[in-house]
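Listed here are the chains, written in short residue letters.
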Amino acid sequence: LLVTERFQIFKRYRLRGAQHCIFYSLPEHGDFYHETINLLQPMGGGILTSGGASSAAWSENMCVVLYTRYDALNLSRVVGEERARRLV
């Protein structure tokens with residue numbers, strides 16, 4: 001499933017069942033990144049705890065972000081200015 005930032009901003013569908021997330025470019029709005037990560041669901045298996053899924057169930061989830069030095073402003077919106085300087 002390919003979803004654009006524009007689609008997510010205007011439609012606000014709750015897309016369920018995602019276990020991996022790949023950002024081809026960082027989103028313009030930092031909140032969109034966090035919303036997308038929160039949509040990830042734990043992989044099957046693992047023992048449930050009182051707080052939800054176990055860490056073993058979450059360990060197989062993956063999020064990859066592809067960015068360049070020109071995305072420094074968007075990167076700082078997601079991870080903060082200090083970390084963005086170290087990453088670029």
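Residues numbered from 1 in each chain as written. Predicted model: local features only at pLDDT ≥ 70, side-chain atom pairs only at ≥ 80, totals over all residues. Heavy atoms only, no water.

A. Examining the nonpolar core more closely. Among the nonpolar cores identified, the biggest contains nine residues, and these are C21, F23, L26, F32, Y33, L40, L75, V78 and A84. Contributions of two or more residues to this core are made by β1 (20-23), α2 (30-38) and α4 (72-79). (Core = buried A, V, L, I, M, F, W, Y, C linked by side-chain atoms within 4.5 Å. Buried < 20%, exposed > 50% of the residue type's maximum accessible area, 1.4 Å probe, protein only. Helix = DSSP H or I, 4+ residues; strand = E, 2+ residues; numbered from the N terminus.)

B. Spatial organisation of α2. Taken as a whole, α2 has its buried residues at G30, F32, Y33 and T36. One face of α2 carries all of its buried residues, which in axial projection span an arc of 160°. Relative to its buried face, α2 has exposed residues pointing more than 90 degrees away, namely D31 and N38. Of the surrounding elements, those touching the buried residues of α2 are α1 (5-11), β1, β2 (62-65) and α4. (Arc of directions from axis to C-beta. Contact = heavy atoms within 4.5 Å.)

C. Geometry of the pattern of salt bridges. With the rule as written, the count across this model stands at three salt bridges. The salt bridge partner of R77 is E28, with a shortest N-O separation of 3.7 Å. Taken together, the residues R77 in helix α4 and E28 in the loop between β1 and α2 connect sequence positions 49 residues apart. Accessibility expressed as a relative area gives 38% for R77, which makes it partly exposed. The class for E28 is partly exposed, based on a relative accessible area of 45%. Notably, a salt bridge pairs R86 with E82, separated by 4.0 Å at the nearest N-O pair. Taken as a pair, R86 and E82 lie in helix α5 (residues 81-87) at a separation of four residues, close to a single helical turn. Accessibility expressed as a relative area gives 61% for R86, which makes it exposed. (Salt bridge = Lys/Arg side-chain N within 4 Å of Asp/Glu carboxyl O.)

D. Highlighting the state of the cysteines. Going through the model one piece at a time under the given rule, you end up with zero disulfides. Its sulfur unpaired, C21 is 4.3 Å from the next cysteine sulfur, which belongs to C63. You can call C63 partly exposed: its relative accessible area is 31%. (Disulfide = S-S within 2.5 Å.)

E. Highlighting the packing of aromatic side chains. According to the stated counting rule, one finds three aromatic pairs in the structure shown. Taken together, a centroid distance of 5.6 Å and an interplanar angle of 45° make the contact between F7 and Y13 tilted. Ring plane angle 85° and centroid distance 6.3 Å describe the contact between F23 and F32, whose orientation is recorded as edge-to-face. Residue F23 shares its accessibility class with F32, and that shared class is buried. The structure contains a cluster of three or more aromatic residues connected by ring pairs, namely F23, F32 and Y33. (Phe/Tyr/Trp six-rings, centres within 6.5 Å; stacked < 30°, edge-to-face > 60°.)

F. Highlighting the confidence of the model for the protein chain. Across the protein chain, the average pLDDT comes to 80, with 82% of residues at or above 70. Averaged over each element, pLDDT in the protein chain is lowest for helix α3 (residues 55-58) (63) and highest for α5 (93). (pLDDT = per-residue confidence, 0-100.)

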